[in-house]
Amino acid sequence: ELSGTMNVQLPNVISLDRFTPYIHEFLLKYPKIDLHIWYQNQDTDLVKENFDVVVLNHLSKLTWQKSRVIHQSKIRLFCTKAYAAKYGVPMTPMELSNHLVTGGILGGKFTKETTIINTKTGEEMVVPMPRRIATNNISHNSVLLKSNEMIISAFDDIETNSQYHDLIPVLPDY
């Protein structure tokens, strides 16, 4: 039977829906494990910092550690029904500039443009990133969404969360 202390690092945002809701099941299955969780998203040297498992939302830059991709999510744009009724929904990527859209801060820096891919045709298009507001946290984007005044970027499966069932995908083919 497994026993002892398990030191785990989990990324803040992704863990809210994908890990934290299931921690009690793990603890019930392994009653002799003491689980210590750090919610952070930084490259961590497992040996030097005494971690058993580190989960990141990006590929680790620490090349000497063994790592593997366990899940990939796409980022998509969403708005509320109230936003759509008030401002309309962009029909083309170029129409995004007429709306208040959260841009992304990726890898610690603001990117001026991003490549979007049409999921039906495979066509790639480089579009400018919104400049008025950019964030590095999809959980906070979800709070911004509730204002009914902006389009937010979020993981493509946000709609599986019951509080977001009524979202309208913006440019659903991208």
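Residues numbered from 1 in each chain as written. Predicted model: local features only at pLDDT ≥ 70, side-chain atom pairs only at ≥ 80, totals over all residues. Heavy atoms only, no water.

A.B. asks: Is there a simple way to think about the overall build of the chain in this case?
C.D. replies: When you go through the chain residue by residue, the secondary structure sums to four helices and 11 strands. Seen through its principal axes, the chain has C-alpha atoms that stretch 55 × 35 × 30 Å. In the chain, 65% of the contacts between residues at least 6 apart in sequence involve partners at least 24 apart. A total of about 11,600 Å² of accessible surface is found on the chain, and carbon and sulfur atoms cover 54% of it. Looking at the chain, you have 17 positive and 18 negative side-chain charges, and the mean spots of the two groups are 3 Å apart. (Helix = DSSP H or I, 4+ residues; strand = E, 2+ residues; numbered from the N terminus. Contact = heavy atoms within 4.5 Å. Areas by Shrake-Rupley, 256 points an atom, 1.4 Å probe, with all protein chains shown as cover. Lys, Arg positive; Asp, Glu negative; His and termini not counted. Charge placed at Lys NZ, Arg CZ, Asp CG, Glu CD.)

A.B. asks: Help me out: how do you make sense of the nonpolar core in this one?
C.D. replies: Where a protein is soluble and globular, its nonpolar side chains tend to be buried together. Core analysis: the biggest nonpolar cluster contains 10 residues, these being Val 13, Ile 14, Phe 78, Ile 138, Leu 145, Met 150, Ile 152, Ala 154, Phe 155 and Leu 167. Tallying contributions element by element places strand S10 (residues 152-155) first for this core, with three residues. Tyr 83, Val 101, Val 170 and Leu 171 belong to the second-largest nonpolar core, a separate cluster that totals nine residues. (Core = buried A, V, L, I, M, F, W, Y, C linked by side-chain atoms within 4.5 Å. Buried < 20%, exposed > 50% of the residue type's maximum accessible area, 1.4 Å probe, protein only.)

A.B. asks: When you look at the packing of aromatic side chains in this model, what are you seeing that I'm missing?
C.D. replies: Working definition: an aromatic ring pair is given by the centre-to-centre distance plus the angle between the planes. Counted under the stated rule, the structure contains three aromatic pairs. Aromatic pair Phe 26 and Tyr 30: ring centres 5.0 Å apart, planes at 45°, arrangement tilted. Ring geometry for Tyr 83 and Tyr 87: centres 4.8 Å apart, planes at 40°, overall tilted. Here Tyr 87 and Tyr 83 lie together in helix H3 (residues 81-87), a separation of four residues that amounts to about one turn. (Phe/Tyr/Trp six-rings, centres within 6.5 Å; stacked < 30°, edge-to-face > 60°.)

A.B. asks: Which parts of the structure should I look at to understand the sheet that holds strand S11 (residues 168-170)?
C.D. replies: Picture the strands of a sheet paired through backbone hydrogen bonds; they go either parallel or antiparallel. A sheet is described by the order of its strands in space; here three strands give the open sequence S10-S4-S11, paired in antiparallel fashion. Edge positions in the sheet fall to S10 and S11, since each has one partner strand and no second. Across the sheet, the axes of successive neighbouring strands diverge by a mean angle of 55°, strand direction being ignored. Here strand S4 (residues 75-79) pairs with S10 via four bridges, running antiparallel. Bridged to Leu 77 within S10 is Ser 153. Of the strands in this sheet, S4 and S10 are in contact with helix H4 (residues 138-145), which crosses S10 at around 130°. (Pairing = 2+ DSSP bridges. Axes fitted to C-alpha atoms, helices over the stretch in contact; angles between N-to-C directions.)

A.B. asks: Even after reading the chapter, I still don't get H4, so can you show me in this structure?
C.D. replies: Since there are 3.6 residues in each turn of an α-helix, residues three or four apart along the chain are aligned in direction. For H4, the set of buried residues is Ile 138, Asn 141, Ser 142 and Leu 145. Along the long axis of H4, the arc covered by the buried residues comes to 105°, so they all point the same way. Opposite the buried face of H4, at more than 90 degrees from it, the exposed residues are His 140 and Val 143. Buried residues along H4 sit against helix H1 (12-18), S4, strand S9 (134-135) and S10. (Arc of directions from axis to C-beta.)

A.B. asks: How do you make sense of the sheet that holds strand S1 (residues 4-10) when you look at a structure like this?
C.D. replies: The sheet built from three strands is open, its strands ordered S2-S1-S3 with parallel pairing. In this open sheet, the two edge strands, each paired with only one partner strand, are strand S2 (33-39) and strand S3 (53-54).

A.B. asks: Just checking my understanding: could you explain the pattern of salt bridges for this structure?
C.D. replies: When charged atoms on two side chains of opposite charge get close, those side chains can pair. Scanning the entire structure with this criterion turns up three salt bridges. Linking Glu 1 and Lys 32 is a salt bridge whose minimum nitrogen-to-oxygen distance equals 3.5 Å. Residue Glu 1 is located in the segment before S1, and its partner Lys 32 is located in the loop between helix H2 (23-29) and S2; the two are separated by 31 residues in the primary sequence. Residue Asp 173 pairs with Lys 120 through a salt bridge whose shortest N-O separation is 3.6 Å. Of this pair, Asp 173 sits in the segment after S11 while Lys 120 sits in the loop between strand S7 (113-117) and strand S8 (124-128), and the two are 53 residues apart along the sequence. (Salt bridge = Lys/Arg side-chain N within 4 Å of Asp/Glu carboxyl O.)

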